[in-house]
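Each chain, letter by letter, is given below.
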2 protein chains.
Amino acid sequence: MPNEVGDLSERELIQRIQRQLLPPPPWLLVGIGDDAAVVEPVRGRVEVLTTDAVVEGVHFDRRFTPPAAIGHRALAVNLSDLAAMGAAPRLALLSLVLPGGLPCGELDAMVSGLAAQAASHRVHVVGGNLTRSPGPLMIDLTLAGSVKRRQALTRSGARPGDEIYVTGTLGAAAAGLEQLAAGGAVDEGCARRYLYPEARVRAGLLLARNRAASSCIDLSDGAADGLRRIAEASGVGIRVDAPLLPVDEEACRWFTSRCVDPVEATLQSGDDYELLFTVRPRLRHRLAAVHRHGGVALTRIGVCTDTPEEMVWRRSAGDPASDRPLPAGYSHFR
Amino acid sequence: MPNEVGDLSERELIQRIQRQLLPPPPWLLVGIGDDAAVVEPVRGRVEVLTTDAVVEGVHFDRRFTPPAAIGHRALAVNLSDLAAMGAAPRLALLSLVLPGGLPCGELDAMVSGLAAQAASHRVHVVGGNLTRSPGPLMIDLTLAGSVKRRQALTRSGARPGDEIYVTGTLGAAAAGLEQLAAGGAVDEGCARRYLYPEARVRAGLLLARNRAASSCIDLSDGAADGLRRIAEASGVGIRVDAPLLPVDEEACRWFTSRCVDPVEATLQSGDDYELLFTVRPRLRHRLAAVHRHGGVALTRIGVCTDTPEEMVWRRSAGDPASDRPLPAGYSHFR
């Protein structure tokens, strides 16, 4: 009985993967098994496309990341990008690069993590590619969705005076990763936030539909990074009010126990996959519906200013003397 | 002065890549630099999507594959999949997984190989992803194109009696690879066919537009593999007439010098990226325009039979006693 992917043919592997996927939808004219997929576009909407890879040793560590979490993450990071555009996800192309020695059970678990999340967002895997890896395991996913032409959210629409919001809480994923990597006691909530991030698809859709947000980005590389990118794309300055930041309680405890400033640590923390967005003050009432149906808290954390050089977080409300520069973003390459 | 990609930030790398790409087209509503790309669909056509990765040590060997050829190949293998569907290519998402020690000059050359081919097929790179690799270099590309709904070519339309055709010649790429890997004398034509494969985009488009082909596939994994897949998807048998096979002359000489049957070797040879397609005999006249404007020779090599178990090549015309079984296809995993 085969127990490693290297024992199976490409066709057997594809069948094994396909068993876990949703049945083909009517708009899929040609699906898995031909040279390419053929799909009917969504009428009256524009297409939103993104691609993101998760690589062993860079984005996850197999020693403490269960295979299901790897599959979950590969889809979540892409869903999060579509959420930030206000798009409804629709289909995925799945490119797997697998070491020959990967146990088949781990492949199954990985695919199940991906498939479960795909099912819950009604994302159909319409095609993909399988390749042997001479090194690390990799999942590269391309996700396509759609949005009404005038409703797509971008990073560039913020104006001075716009209020800055985030969904959910921040910092727990980074704390979870630190705890898992340290190998000691692990807070289950934090570990879960790191291992199974939930993309804010519903909140993104509602922000776009209600035209509530002037700009939006997802926080894959941390709040400081997201704030800097919105500021740069929109040509505004940023002031975050530290006391407003929705720092996860357990994360706050963890950072404090490590003698790290929890605000600074949280601003730099990656892997949150929350949405950061800006709202014109006069349109603030539009957030009510997003809050009611988006399934996640929305918290005002600061304001866009008319001084693009100004990139600060304020420790004490109303006290400019307590301003600190926003930490730099995270770079994968330097 | 930085000379390795690991010395650059993600943003610097993106700028470096973007400099070589086509300017954004009017249908690209949001391009590189946001969470995802937003594109206007092509009116009155359906979408064709494919993804294919090239991985160092699996699909290319950096010792004898120049960086420009790696970039060229990454796009060509995907273009070939769209060609096999009869689709017009339109946009690409480029996912690069790069070792930190890759010299910047090699990245530039790789991107230039990809960009040159993208420009010649008017393919726009609308987004992508950059990741550090802890191991091999990888380029994963997703390509989207379009085709008229009723004109998409698939693998499943062949019927008994349909004639089987291929574009161009076969075997040169495999001979080129063998020669390059052996490190001795190299025939320039064969090496070029391996290093810079030309996807048959124009021929595929014409086959679809003229409704000339009943089925089509590209020969990335060799003619035998392509024939088996058409046969299986269409439920027909296959008989190839060996004397008709357009074996490349230099490849024939190479295989013969290695004491390998050139027909058998050619049927098993991968990397040709020619199109294999079937044609109803009464529609054969439709090939004239494909031949005239497709920029490549079309050669009849056999026939589909009504015996699905029959998968043979015939050594001597008209002599069933000279039938040999078609070799098996190539599998990346076993």
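Structure: see above.
A short tour of the structure in this document, coming up. (Residues numbered from 1 in each chain as written. Chains lettered and ligands numbered in written order. Predicted model: local features only at pLDDT ≥ 70, side-chain atom pairs only at ≥ 80, totals over all residues. Heavy atoms only, no water.)

**Observations concerning the relation of the copies chain A and chain B**
Using the following cut-off: Residues reaching a pLDDT of at least 70 in both copies supply the C-alpha atoms on which the copies are superposed by least squares. Working rule for contacts: check all heavy atoms of both residues, and any pair within 4.5 Å makes them a contact.
Mapping chain A onto chain B is achieved by rotating through 180 degrees and translating by 0.0 Å along the same axis, at an RMSD of 0.0 Å. Interpreted geometrically, this transformation is the action of a two-fold axis. Using C-alpha coordinates, one finds that chain A approaches the rotation axis most closely at Gly135 of chain A, a distance of 2.9 Å. Both copies contact each other with a shared surface, as 100% of the interface residues of chain A are interface residues in chain B too.

**A few points about the side chain of Glu163 of chain A**
Residues and elements named next belong to chain A. Applied cut-off: Under the DSSP-based scheme used, a helix requires at least four consecutive residues in state H or I and a strand at least two consecutive residues in state E, with every element numbered from the N terminus. With a 1.4 Å probe rolled over the protein chains alone, any residue whose accessible area is under 20% of its type maximum counts as buried; one over 50% counts as exposed, and the rest are partly exposed. Here a polar contact means two N or O atoms within 3.5 Å. Within protein one must be a hydrogen donor candidate and the other an acceptor candidate, and residues neighboring in sequence count only if both atoms are side-chain atoms.
Along the polypeptide, Glu163 turns up in strand β7 (residues 163–167). According to the relative accessible area criterion, Glu163 is buried, its value standing at 9%. A polar contact of 3.2 Å, which involves the side chain of Glu163, links it to the side chain of Tyr165. Excluding residues that lie within four positions of it along the chain, Glu163 makes contacts with Phe277, Thr278, Val279, Pro281, Arg284, Arg300, Gly302 and Val303.

**Let's talk about the sheet that holds strand β1 (residues 28–30) of chain A**
The criterion, for reference: Two strands make a pair as long as DSSP finds a minimum of two bridges between them. Axes here refer to lines fitted to C-alpha atoms; in helices the fit is confined to the stretch in contact. Angles between the N-to-C directions go from 0 to 180 degrees.
Spatial ordering of the open sheet is given by β1(A)-β2(A)-β3(B)-β6(B)-β4(B)-β5(B), a layout of six strands whose pairing is mixed. What marks the edges here is a single partner per strand, and that holds for β1 of chain A together with β5 (124–133) of chain B. Within this sheet the neighbouring strands show an average axis-to-axis angle of 20 degrees, counted without direction. The sheet strands contacting helix α3 (residues 104–120) of chain B are β4 (88–99), β5 and β6 (138–147) of chain B, and the helix crosses β4 of chain B at an angle near 165 degrees.

**Remarks on the packing of aromatic side chains**
All names here are of chain A. Worth spelling out the cut-off: Between 30 and 60 degrees the pair is tilted, below 30 it is stacked and above 60 it is edge-to-face, where a pair is any two Phe, Tyr or Trp rings, Trp via its six-membered ring, whose centres lie within 6.5 Å. Criterion for a charge above a ring: Arg CZ or Lys NZ at most 6 Å from the ring centre, at most 35 degrees from the ring normal.
For the coordinates displayed, the defined rule picks out two aromatic pairs over all chains. With a centroid separation of 5.6 Å and 10 degrees between ring planes, the pair formed by Tyr165 and Phe277 is classed as stacked. Taken as a pair, Tyr165 in strand β7 and Phe277 in strand β10 (residues 275–279) lie far apart in primary sequence, 112 residues in all. Using a relative accessible area of 7% as the deciding quantity, one classes Tyr165 as buried. Looking at Arg73, its charged tip hangs above the ring of Tyr194, at a distance of 4.5 Å from the centre.

**Re the pattern of salt bridges**
For clarity, the threshold we go by: Salt bridges, as used here, are contacts in which a Lys or Arg side-chain nitrogen is within 4 Å of a carboxyl oxygen on Asp or Glu.
Evaluation of the coordinates by the stated rule reveals 36 salt bridges over all chains. When the shortest N-O distance is used, the salt bridge between Arg16 of chain B and Asp108 of chain B registers 2.8 Å. On the criterion of sequence distance, the pair formed by Arg16 of chain B in helix α1 (residues 10–18) and Asp108 of chain B in helix α3 is long-range, its members being 92 residues apart. One salt bridge connects Arg200 of chain B with Glu274 of chain B, and the closest N-O pair in it is separated by 2.7 Å. One end of the pair, Arg200 of chain B, is in the loop between α5 (188–195) and α6 (201–209); the other, Glu274 of chain B, is in the loop between α9 (262–268) and β10 (275–279), and 74 residues separate them in sequence. Judged by its relative accessible area of 18%, Arg200 of chain B falls in the buried class. Here the salt bridges do not stand alone but share partners, grouping Asp34 and Asp35 of chain A together with Arg155 of chain B into one network.

**What about the interface of chain A and chain B?**
Stated precisely, the cut-off is as follows: Here's the idea: put two parts together, see how much 1.4 Å probe accessible area each one loses, and the total over both is what we call buried area.
Taken residue by residue, the interface counts 65 residues in chain A and 65 residues in chain B. Both sides of the chain A and chain B interface together cover about 5600 Å² of buried area, and 56% of this is carbon and sulfur. In this structure, the connection of chain A to chain B is made through eight salt bridges. A salt bridge links Asp34 of chain B to Arg155 of chain A, with the shortest nitrogen-to-oxygen separation between them at 3.6 Å. Our enumeration of links across chain A and chain B arrives at 21 residue pairs in polar contact (both at pLDDT 80 or more).

**Topic: the packing of helix α4 (residues 172–182) of chain B against α5 of chain B**
All names here are of chain B. Note the threshold: For classification purposes, angles smaller than 35 degrees are called roughly parallel, those larger than 145 roughly antiparallel, those between 65 and 115 roughly perpendicular, and all remaining angles oblique. Gly falls in the polar group here, along with every residue not listed as nonpolar (Ala, Val, Leu, Ile, Met, Phe, Trp, Tyr, Cys, Pro) or charged (Asp, Glu, Lys, Arg).
Running from N to C, α4 and α5 cross one another at 105 degrees; their axes reach a closest spacing of 7 Å. Our classification of the angle between α4 and α5 gives roughly perpendicular. On the side of α4, the interface is formed by Ala172, Ala173, Ala175, Gly176, Leu177, Gln179 and Leu180, while α5 contributes Cys190, Ala191, Arg193, Tyr194 and Leu195. Across the contact of α4 with α5, the residue classes tally to nine nonpolar, two polar and one charged.

**Describing helix α2 (residues 67–85) of chain A**
Residues and elements named next belong to chain A. What counts is decided by this rule: Given a helix with a known number of residues, its expected span is that number minus one, times 1.5 Å.
The end-to-end C-alpha distance of α2, which contains 19 residues, comes to 28 Å, matching closely the 27 Å that a straight helix rising 1.5 Å per residue would cover. Of all 19 residues in α2, 17 are buried, a share of seventy percent or more. Positive backbone phi, approximately 75 degrees, marks Gly86, located one or two places after α2.

**Topic: the side chain of Thr142 of chain B**
Following the sequence through the fold, Thr142 of chain B ends up in strand β6. Among the polar contacts listed, one links the side chain of Thr142 of chain B to the side chain of Thr142 of chain A, at a separation of 2.6 Å. When near neighbours in sequence (up to four residues on either side) are disregarded, Thr142 of chain B contacts Leu93 and Thr142 of chain A together with Thr50, Thr51, Leu91, Ala92 and Leu93 of chain B.

**Side note on the sheet that holds strand β4 (residues 88–99) of chain A**
Strands sit in the order β5(A)-β4(A)-β6(A)-β3(A)-β2(B)-β1(B) across an open sheet of six strands; the sheet is mixed. Only two strands of the sheet have a single partner each, and these edge strands are β5 (124–133) of chain A together with β1 (28–30) of chain B. Taking each pair of neighbouring strands and ignoring which way they run, the sheet shows an average axis angle of 20 degrees. Of the pairings in the sheet, the one linking strand β3 (residues 46–55) of chain A to strand β6 (residues 138–147) of chain A comprises 10 bridges and is antiparallel in character. Bridge pairing in β6 of chain A links Asp52 of chain A to Leu141 of chain A. Its contacts with the sheet place helix α1 (residues 10–18) of chain A against β4 and β5 of chain A, and it is angled at close to 140 degrees to β5 of chain A.

**Remarks on unusual backbone geometry**
All names here are of chain A. Phi at Arg211 takes a positive value of approximately 45 degrees, unusual for a residue other than glycine. Its place among the elements puts Arg211 in the loop between α6 (201–209) and β8 (215–218). Residue Arg211 is classed as partly exposed on the basis of its relative accessible area, which comes to 45%. You will see that Tyr273, though not glycine, has its phi angle at about 55 degrees, which is positive. Within the element layout of this structure, Tyr273 appears in the loop between α9 (262–268) and β10.

**Here we look at the environment of Arg200 of chain B**
Residues and elements named next belong to chain B. C-alpha of Arg200 to C-alpha of Asp81: the two residues are 119 residues apart in sequence and 9.5 Å apart in space. Beyond its immediate sequence surroundings of up to four residues, Arg200 is in contact with Ala83, Thr167, Gly168, Tyr273, Glu274, Leu275 and Val296. A distance of 2.7 Å separates a polar atom in the side chain of Arg200 from a polar atom in the side chain of Glu274.

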